[in-house]
Structures are given as C-alpha cells and as structure tokens.
Amino acid sequence: MSDLPLSDRAGWAADGAISTLMAQAIENPDCLSLAAGFVDPATLPVELVRAAAADVLAEPRANLLLQYGTPAGAGRLRIEVLERFATLEGVPTEELAATKGLTAGRVLLTNGSQQFLSLIAQVLLNPGDICLVAGPTYFVMLGTLAGVGARAVRVETDGDGMVPAGLERALDRFEQAGELARVKLVYLVPDFENPSGVVLSQERRTAILELLERRDPGGRIHVLEDAAYRELSFDGAPSASLWGRDPGDRVIYAGTFSKSFAPGLRIGYGIAPRALVQPLIDRKGNEDFGSAHFNQHLLAKVLESGKYDAHVEEVRDGYRRKCDVLLAALDEHLGGLPGVSWRTPAGGLYVWATLPEGVSTSFGSPLAEAAQHEGVMYVPGELCFAPESADGSPRPAHDMRLSFGVLDAAGLREAAARLGRAVRSVL
Ligand code: PMP
C-alpha cells in the first residue's frame with residue numbers, strides 16, 4: 001500500500017470516522033442507531049416523487065430531461081430555489097434583486113449542499129489557509145477542510161453559538177502570529193447546528209458580521225452560512241439569516257432539499273457572492289458537468305406543484321414529536337445522573353448530551369464498548385471538535401450526538417434505555 005503513488009490530497013482526505021461508524025452498524029445489525037444523521041424513512045415523499053416524475057416525463061421534449069444539463073444547474077429549478085429562498089428570507093424576489101443584486105444566476109445547484117461546501121473549500125482555501133469554526137461543528141465539514149489541506153480552528157462556543165468575543169480573540173491571535181492573511185473563512189451552521197442543536201442567537205449573527213466588517217472591511221474573510229436545518233424549526237418559523245444582514249458580498253449561503261424533502265435526490269444549492277459565481281461553476285464543471293439533470297426537473301415540478309410546503313410541515317411536526325419522545329426517554333433513563341445533561345433543541349435532528357468531564361465517549365472508550373455491547377450507537381462528540389483551538393483549549397471528549405431522525409418512537413425509547421444502561425455501567 002505504501003508504494004501507491006497517492007497524491008498529498010488523498011492523504012489529507014483520509015478520515016476513518018464515518019467508516020468506523022458504518023462498520024459498527026454493519027457488524028451489529030440489531031444495533032439501534034442514534035448516530036446516523038439520516039432523515040426519517042417514514043417521511044420520504046414517495047407519492048409526491050412518483051407524481052412529479054410522471055408529470056415531468058409527460059412534458060413536451062421530456063427526452064431532454066435525460067440529456068446532460070449544465071454545470072450551474074437547470075434554470076427552471078434555479079428560479080424555483082430563488083423563490084423558495086426569498087420566502088425564507090421574507091423578502092420578495094424583486095426586492096432581493098434590487099437591494100442585493102440577487103438573481104437566479106447566482107443560485108448554483110449541487111449534489112447536495114455537501115458538494116457546495118466542498119466547492120467553496122476548493123475555490124477559497126489553499127493548503128495552510130485557516131477556516132474558523134464553532135466547537136462543536138459539523139464533523140463532515142472538518143473532513144472537507146482537511147481534504148483541501150486547510151486548518152480548521154475552533155473558536156469559543158456556548159449555548160448561543162460561536163462567541164463573537166472569542167472570534168475577535170482568534171483574529172487577534174492570528175494577527176500577532178503574522179497569520180491573519182491565512183484566515184479566509186468562518187464556517188457557521190446557525191440553525192439547529194449539527195451536532196449541538198444550538199441556534200446562533202440573532203444578536204450574535206449581527207455581532208459576528210459587524211466584527212468582521214470592522215476587522216476586515218475589504219470582505220476578504222468570507223462567512224459560509226450552512227443553513228441545512230433552517231426549514232426544520234419545530235415552530236415552523238425560519239430565523240433571519242446572516243446572509244440577509246450582510247451589507248456586502250461576504251456571506252455565502254448553502255441550502256439543501258435533503259433534510260426537508262429527500263436526500264436521495266442529492267440536490268443542494270448555494271447562493272454565491274458575485275465574484276465567486278464563475279470560479280464555482282468552473283470548478284463544478286471540472287468535477288461532474290452538472291448535477292443529475294432529471295432530478296432537478298423532478299424537484300422543480302414538486303416545487304411548482306405547490307405541495308412542498310405542506311410536506312415540510314409534516315416533516316417538521318414528525319421531528320418535533322420524535323424529539324419529545326427521545327427527550328422523555330433520556331429523562332427516564334439518564335435523568336438525575338450526576339454530571340449528565342443534554343440540550344433541548346428547538347429544531348433539527350439532534351440532541352447533544354454531555355457526560356462528566358472524565359468520562360470519554362470516544363471510539364475505544366469503556367462507554368463506546370458498553371454501548372456496542374448494549375446495541376446502541378451514537379456519534380462521539382470528539383469528532384465534532386476541530387483538534388486545533390484558537391484559545392488553546394483541549395478538545396472535549398465527553399459529549400455525544402444523538403439523532404432522533406431515523407428511529408421510530410419505540411426505537412428511540414429502546415435506544416435510550418440501552419444508552420442509559422451503558423452510561424450507568426461506566427459512571
Ligand atoms: N450541512 C450540514 C450541517 C449537514 O448536517 C449536512 C448533512 N448531514 C449537510 C450539510 C449536507 O447534506 P446534503 O449534502 O445532503 O445537502
């Protein structure tokens with residue numbers, strides 16, 4: 001193996017976390033997974049997709065839907081996405097065009113939002129460049145950053161998200177070290193963060209952008225707003241984005257139809273700053289010529305049909321109910337244990353649980369083994385913290401991400417009971 005002429009990049013991308021979790025699941029089919037971030041299979045919109053596929057194939061020139069598309073994506077879906085985005089922003093498309101110069105030409109369709117995140121990393125970051133992240137944050141993005149040779153650096157974070165003063169201290173530290181020019185990106189998942197469920201408070205959204213305007217008036221440091229869970233608020237109200245309060249072209253917005261509709265279609269999108277549109281399209285063209293053309297028309301048909309909103313509402317209600325089931329079961333099986341706590345999310349798919357500081361949740365720990373023995377899986381919290389932190393704080397290893405996405409109510413109750421036994425056995 002060591003003689004393989006692999007590129008440096010192949011080595012940077014090596015990250016065993018997901019394969020370890022998947023191998024555990026395959027080895028132990030009776031295992032109940034609170035680990036997978038998958039959506040609820042019961043909500044997957046088979047009938048809507050069946051009807052939309054039939055309708056779209058009955059259109060004139062349907063054969064061309066099976067032809068190649070374009071790297072930026074089908075115009076028809078880009079327009080629908082723009083309208084959807086305008087609804088989330090609470091601002092009509094005409095006003096977005098007038099005030100922010102936003103047109104469908106700046107909407108790029110990608111293979112899930114994951115590809116958009118990856119394209120952003122590729123067009124903005126050289127090896128050694130720095131991306132500031134919350135701690136914890138979306139662990140797949142940590143792999144994406146590592147994969148382009150970038151340094152993900154953790155900034156102080158609490159129950160309201162990234163701490164603006166911590167971000168400023170991080171900028172100070174890099175300035176003193178002569179490395180400020182290497183800081184190119186701040187990655188934020190402001191709505192129901194994967195993994196912590198935390199919402200970046202409205203005050204902090206404003207404060208972070210104001211801070212960056214003050215410290216970097218030229219807009220060289222971009223903010224990547226990953227809004228994957230924005231539509232999954234349990235009360236149905238989308239929060240005001242960072243994008244909407246950006247006075248310039250600093251904020252890059254990533255959205256997806258995976259969580260609200262169907263991840264199997266692999267359709268995500270990005271709203272790109274003007275200067276990044278062409279570099280992103282060029283990069284995407286190099287990778288795949290464009291995302292699956294047929295799927296784009298199919299999703300456009302669903303959006304045009306007006307049936308999407310009712311579907312999202314059902315999905316949201318379902319997750320709110322399942323979240324309540326998991327929280328009640330955690331109360332029953334883990335409630336009152338000293339040093340054990342968890343956060344109540346207001347949306348998304350995850351509950352973040354914390355054990356006493358000395359009790360590791362990492363792969364190979366006594367807890368991980370006890371959980372495997374009991375037949376329950378979680379995502380070890382450590383994976384969600386970038387190893388490097390701006391303030392030198394150690395990487396915590398005593399949390400876990402519990403997802404209520406996949407299991408049904410009975411499965412969630414049983415998984416919590418198993419987890420309770422595993423935790424009690426190591427305390
Ligand atoms: N961002 C976050 C925070 C996520 O949790 C996910 C999916 N787990 C994604 C992006 C990517 O999802 P997709 O590629 O399916 O849009």
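To be clear, the structure that these remarks concern was listed above.
Since this is a predicted model, take the numbers as computed values, not measurements. (Residues numbered from 1 in each chain as written. Predicted model: local features only at pLDDT ≥ 70, side-chain atom pairs only at ≥ 80, totals over all residues. Heavy atoms only, no water.)

1. Remarks on the sheet that holds strand β3 (residues 130-134)
The condition that has to hold: DSSP calls a pair of strands paired once it identifies at least 2 bridges connecting them. A run of H or I in DSSP becomes a helix once it reaches four residues, and a run of E becomes a strand once it reaches two; helices and strands are each numbered from the N terminus. It only takes one pair of heavy atoms within 4.5 Å for two residues to be counted as in contact. For helices, the fitted line uses only the C-alpha atoms of the stretch in contact; every axis is such a line through C-alpha atoms, and the angle between N-to-C directions lies from 0 to 180 degrees.
Ordered in space as β2-β10-β9-β8-β7-β3-β4-β15, the eight strands form an open sheet in which the pairing is mixed. Two strands bound the open sheet, and with one partner strand each, they are β2 (107-111) and β15 (388-389). Direction of pairing for β2 relative to strand β10 (residues 267-271): antiparallel, over a ladder of five bridges. The residue bridging Leu-108 from the neighbouring strand is Gly-270, located in β10. Against the sheet, helix α6 (residues 112-124) makes contact with β2, β7 (183-188), β8 (222-226), β9 (251-256) and β10, and its axis sits at roughly 110 degrees relative to β2, the strand it touches most. Strand contacts of helix α10 (residues 274-288): β2, β8 and β9, with the helix running at about 25 degrees to β2, the strand carrying the most contacts.

2. Focus on the packing of α6 against α10
Here is the rule we go by: Each angle receives one of four descriptions, namely roughly parallel if under 35 degrees, roughly antiparallel if over 145, roughly perpendicular if within 65 to 115, and oblique otherwise. Handedness of a helix crossing follows the sense of rotation of the near helix relative to the far helix, less than a right angle counterclockwise being left-handed and clockwise being right-handed. By the convention adopted, Pro, Cys, Tyr, Trp, Phe, Met, Ile, Leu, Val and Ala count as nonpolar, Lys, Arg, Asp and Glu as charged, and the other residues, Gly among them, as polar.
Two elements in contact, α6 and α10, have axes whose closest approach is 10 Å; the angle formed by their N-to-C orientations is 115 degrees. Our classification of the angle between α6 and α10 gives roughly perpendicular. Viewed along their axes, α6 and α10 form a crossing whose handedness is right-handed. When α6 is examined against α10, the residues Gln-115, Phe-116, Leu-119, Ile-120, Gln-122, Val-123 and Leu-124 are found in contact with a partner set consisting of Leu-276, Pro-279, Leu-280, Arg-283, Lys-284, Glu-287 and Asp-288. Split by residue class, the contact of α6 with α10 holds eight nonpolar, two polar and four charged.

3. Quick word on a nonpolar patch on the surface
Test applied: Patch membership is restricted to residues that have no salt bridge and whose relative accessible area is over 30%. Joining uses 9 Å for like charges and 5 Å for the nonpolar side chains Val, Leu, Ile, Met, Phe, Trp and Tyr. Computed with the Shrake-Rupley method and a 1.4 Å probe, the accessible areas treat only the protein chains shown as cover for residues. Each reported salt bridge corresponds to a side-chain nitrogen of Lys or Arg within 4 Å of a carboxyl oxygen of Asp or Glu.
On the surface, Ile-18, Met-22 and Ile-26 cluster together to form a nonpolar patch covering roughly 310 Å² of accessible area. Mapped onto the elements of the fold, Met-22 is located in helix α2 (residues 17-27).

4. A short note on the site of the ligand
So the rule is basically this: What makes a residue near a molecule or strand is one non-hydrogen atom of that residue sitting within 4 Å of it. N or O atoms within 3.5 Å of each other form a polar contact, as long as, within protein, one can give a hydrogen and the other can take it, and as long as residues adjacent in sequence are counted only when both atoms are side-chain atoms. Points on a 1 Å grid over protein atoms alone make up a cavity when a 1.4 Å probe fits among them but cannot get out, and a pocket when they form an open set with protein on both sides within 12 Å along at least five of seven lines; lining residues each have an atom within 4 Å of a point. A molecule is counted as occupying a cavity or pocket when more than half of its atoms fall within 2 Å of that pocket's grid points.
Not every one of the 13 residues close to the ligand is listed here, only the nearest: Ser-113, Asp-226, Tyr-229, Thr-256 and Ser-258. Ser-113 has a polar backbone atom sitting 2.7 Å from an oxygen atom of the ligand. The contact in question runs from a nitrogen atom of the ligand to an N or O atom on the side chain of Asp-226, over 2.6 Å. For the ligand, whose accessible area on its own is 400 Å², the fraction buried by protein is 92%. Here the ligand occupies the largest pocket.

5. Describing the nonpolar core
We count it as follows: What we call a nonpolar core is a set of buried Ala, Val, Leu, Ile, Met, Phe, Trp, Tyr and Cys residues that are connected through their side-chain atoms within 4.5 Å. Burial classes follow relative accessibility: with a 1.4 Å probe on protein chains only, a residue under 20% of its type's maximum area counts as buried, one over 50% as exposed, and anything between as partly exposed.
By size, the foremost hydrophobic cluster in this structure holds 53 residues, and its most contacted members are Leu-132, Val-186, Phe-257 and Tyr-269. With six residues, the top contributor of residues to this core is helix α4 (residues 75-89). Beyond its immediate stretch of four places on either side in the chain, Phe-257 contacts Val-81, Ala-262, Ile-267, Tyr-269, Leu-299, Leu-303 and Tyr-308. Residues Leu-32, Cys-323, Val-325 and Leu-367 belong to the second largest nonpolar core, which totals 41 residues.

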